[in-house]
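A look at the structure
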Amino acid sequence: HAERERLLLMARKLYRFSSLLIVPALALGLVLWWVYGVGRGPGSGWMHAKLVLVVLAIGYHHSCRSLLRRFERFENQRSERWFRFFNEAAVLLFTAIVILVIVKPFS
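None of these values were measured; they are calculated from a predicted model.

Turning our eyes to something else, we now look at the packing of helix α2 (residues 45-72) against helix α3 (residues 80-103). Packing of α2 against α3 brings their axes to within 10 Å, and their N-to-C directions diverge by 155°. When the interaxial angle is binned, α2 and α3 end up roughly antiparallel. At the point where α2 passes α3, the crossing takes the left-handed sense. Contact with α2, carried on its side by Trp46, Ala49, Lys50, Leu53, Val54, Leu56, Ala57, Tyr60, Ser63, Cys64, Leu67 and Phe71, involves Trp82, Phe83, Phe86, Asn87, Ala90, Leu93, Phe94, Ala96, Ile97, Leu100 and Val101 of α3 and no other residues of that element. Here the contact of α2 with α3 is composed, by residue class, of 20 nonpolar, two polar and one charged.

Written as structure tokens, this is what we have:
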């Protein structure tokens, strides 16, 4: 029981930490887009692709909250293997976002 509570506490802290990081990341991205014009105009197909991935990342974050709530209510129905894939999906998602920003394909 103590181990479960410790893991839930760690999960809650990680969720709050990532939630706090989302706000300035989105705000700074909007400033770059609206104020400095990054990703606007011709050759900005990479920005559209990146925005799709950012929306997916926000959805991923919300699904993490849902999974955390299920764990708190002892209602987890997913396997360990599923969670390994789920965790790796986030790494692939953020890697793709960074690559789009650096390489700027579709320009």
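So, about the packing of aromatic side chains. Aromatic ring pairs are reported here in terms of the distance separating the ring centres and the angle at which the planes meet. Inspection of every chain in the model, using the stated rule, returns five aromatic pairs. Judged by centre distance (4.4 Å) and plane angle (20°), the rings of Tyr60 and Phe86 are stacked. Note that Tyr60 is positioned in helix α2 and Phe86 in helix α3, a separation of 26 residues in sequence. Both residues of the pair, Tyr60 and Phe86, belong to the buried class. Aromatic side chains Trp82 and Phe83 sit 5.0 Å apart centroid to centroid with 90° between the ring planes, which places their arrangement in the edge-to-face category. A relative accessible area of 27% places Trp82 in the partly exposed class. Take Phe83: its relative accessible area is 17%, and that puts it in the buried class. In textbook terms, an aromatic cluster arises when at least three aromatic residues are bridged by ring pairs, as seen for Tyr60, Phe71, Trp82, Phe83 and Phe86.

Rules and cut-offs
Residues numbered from 1 in each chain as written. Predicted model: local features only at pLDDT ≥ 70, side-chain atom pairs only at ≥ 80, totals over all residues. Heavy atoms only, no water. Axes fitted to C-alpha atoms, helices over the stretch in contact; angles between N-to-C directions. Helix = DSSP H or I, 4+ residues; strand = E, 2+ residues; numbered from the N terminus. Parallel < 35°, antiparallel > 145°, perpendicular 65-115°, else oblique. Left-handed = near helix turned anticlockwise from the far one by under 90°. Contact = heavy atoms within 4.5 Å. Nonpolar A, V, L, I, M, F, W, Y, C, P; charged D, E, K, R; others polar. Phe/Tyr/Trp six-rings, centres within 6.5 Å; stacked < 30°, edge-to-face > 60°. Buried < 20%, exposed > 50% of the residue type's maximum accessible area, 1.4 Å probe, protein only.

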